[in-house]
Each structure stands twice: as C-alpha cells, then as structure tokens.
Amino acid sequence: EAGVVQSPRYKIIEKKQPVAFWCNPISGHNTLYWYRQNLGQGPELLIRYENEEAVDDSQLPKDRFSAERLKGVDSTLKIQPAELGDSAVYLCASSLDRADTQYFGPGTRLTVL
Amino acid sequence: DQQVKQNSPSLSVQEGRISILNCDYTNSMFDYFLWYKKYPAEGPTFLISISSIKDKNEDGRFTVFLNKSAKHLSLHIVPSQPGDSAVYFCAASATGNEKLTFGTGTRLTIIP
C-alpha cells in the first residue's frame, strides 16, 4: 500500500515569494491533515479536512496561508507571501477517519531566505 | 503552553539494553496517547498507542505504560537495537477533538 506522498521534498525561496505544497493521501483515507514542524519542536496542526470540508483551521494563519482539498483526495497548501519565519517542515498526514491513526508523509522542507 | 512535554531532548543506550522514553501531559481531557518514531528526512511513523482505559500496551519489543494519576507515560524498548536510533515523539488527543498534540521529541541513540 502506497503511503502519503508529498512534493516537493525541498523548496528554497526568497521572502515575499509564493510557494505551494502538494499532498496525496493514502487511498481511501477521508481525513487529511497539514502540520508544520519547526526546528526542535513537534508537529503542530495547521488544518484538518474531512473529505472536502476544512473542519479545523483554527491554527492556520489565514492572512497568508490557504489550503484546498478538491474532490476530497489531493490537497494543496499555499503560502503567499512567504516570510522568514515560515521556514519549517510541512507535513501532510491522513487517516481513515478522524478517530483513526494518522499516517505521515515525508514532508516538505521549506527554507525562506 | 506545552501540554505534552518530553523533558529529555536526548538519550543514549547500549545495544541490547532497555530504552525508556518519558512523556508528561497536563491536559486531563487527553484520553488517547501515541508514540511516533522519526528518522532524518522522513515523516513520523506510528509506533504504538494506548487508550486511557488501559495502563499498558505491548507490541513486540515496544511497551507503552500509562499512569493517569501522574499524567505520565513511558515507552520501553527491549532489547534496544541500532535501528531504533531516531527521534521519538509522544502525542496525545482527546475524544471529540482528535487533533494530535505533540511533544518536542527525544533523540534516542543506540550505541553498538
């Protein structure tokens, strides 16, 4: 069974530039999560989707971050414009449903210069 | 406010011995706890979990113990192997709010 796929794996951009991350969850998983992991910290939830619906986006900085999950499968997380403090690893995870174990992708390491 | 704490940033253990990783939490609503293992340049991998109705869960070399009164859980790895060298994250969630709250991680190094 294929795991959670994320791309790109690494991204280096200059501040004020836009950036987008893509996630393909495990087949059949209805719930999708985006986390941000800062250096030396644990992952922190940005947004959770149940099918197409964003059911928890309380931690998403909505002035510059946006996300979508069209057709309830793939998801894209966008930052526009990026700031220096956005440098982190962005992790996507999926689960069968909200109460099931979450499985993580390899992450996208973003560096903002 | 760090609701899940892993106070040991690193731990070194001899191969074959027992590794004990500790985790404390402050939110009494947490009723489900997980351990994830993370290798460099990879995402966290689910290892083992425990519900608050239990005080122990075992899976092969891995055992998680939960002490609800102390709000403390621990992960035991016996015997420790070189492939166990990784960063281990403790995470917790509450029924009705399945958001995972992670600790800051403990880097385990197994010495051959």
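Residues numbered from 1 in each chain as written. Chains lettered and ligands numbered in written order. Predicted model: local features only at pLDDT ≥ 70, side-chain atom pairs only at ≥ 80, totals over all residues. Heavy atoms only, no water.

## Details of the sheet that holds strand β7 (residues 65-68) of chain A
Residue and element names in this part refer to chain A.
For step 1, the next point in the chain: Reading across the sheet, the four strands line up as β1-β3-β8-β7 and stay open at both edges, with antiparallel pairing between neighbours. With one partner strand each, in any of the chains shown, β1 (5-7) and β7 form the two edges of the open sheet. Taking the axes of each pair of neighbouring strands and ignoring which way they run, one obtains an average angle of 15 degrees across the sheet.
For step 2, the next point in the chain: Both β1 and strand β3 (residues 19-24) contribute to a ladder of three bridges, which runs antiparallel. Residue valine 5 lies in a different strand from β3, and its bridge partner there is asparagine 24. (Pairing = 2+ DSSP bridges. Helix = DSSP H or I, 4+ residues; strand = E, 2+ residues; numbered from the N terminus. Axes fitted to C-alpha atoms, helices over the stretch in contact; angles between N-to-C directions.)

## With respect to the sheet that holds strand β8 (residues 72-77) of chain B
Residues and elements named next belong to chain B.
For step 1, the next point in the chain: With antiparallel pairing, five strands are arranged side by side in an open sheet as β1-β3-β8-β7-β6. Of all the strands in the sheet, the pair left with one neighbour each is β1 (4-5) and β6 (56-59).
For step 2, the next point in the chain: Where β1 lies against strand β3 (residues 19-25), two bridges are found, and the strand directions are antiparallel. Counterpart to lysine 5 in the pairing with β3 is aspartate 24.

## Brief notes about the interface of chain B and chain A
For step 1, the next point in the chain: In this assembly, 17 residues from chain B lie in contact with 19 residues from chain A.
For step 2, the next point in the chain: Taken together, the two surfaces of chain B and chain A that pack against each other cover about 1,500 Å², and 54% of this comes from carbon and sulfur.
For step 3, the next point in the chain: Joining chain B to chain A, the criterion identifies zero salt bridges.
For step 4, the next point in the chain: Summed over the shared surface of chain B and chain A, the number is three residue pairs in polar contact (both at pLDDT 80 or more).
For step 5, the next point in the chain: The residue inventory of the side of chain B that touches chain A, partitioned by class, reads eight nonpolar, five polar and four charged. (Contact = heavy atoms within 4.5 Å. Buried area = accessible area lost by both parts, 1.4 Å probe. Salt bridge = Lys/Arg side-chain N within 4 Å of Asp/Glu carboxyl O. Polar contact = N/O pair within 3.5 Å; in protein donor to acceptor, adjacent residues only side chain to side chain. Nonpolar A, V, L, I, M, F, W, Y, C, P; charged D, E, K, R; others polar.)

## Details of the pairing of strand β9 (residues 88-95) of chain A
Residues and elements named next belong to chain A.
For step 1, the next point in the chain: The buried fraction of β9 is high, at eight of eight residues.
For step 2, the next point in the chain: Neither face of β9 is exposed, since Ala88, Tyr90, Cys92 and Ser94 on one face and Val89, Leu91, Ala93 and Ser95 on the opposite face are all buried.
For step 3, the next point in the chain: Pairing geometry for strand β4 (residues 31-37) and β9, over seven bridges, is antiparallel. The residue bridging tryptophan 34 from the neighbouring strand is cysteine 92, located in β9.
For step 4, the next point in the chain: For β9 and strand β11 (residues 108-112), the ladder comprises three bridges, and the chain directions are antiparallel. Each bridged residue has a counterpart across the sheet, and for tyrosine 90 the counterpart in β11 is threonine 108. (Buried < 20%, exposed > 50% of the residue type's maximum accessible area, 1.4 Å probe, protein only.)

Honestly, that's just the spatial picture; any functional story needs more than this.
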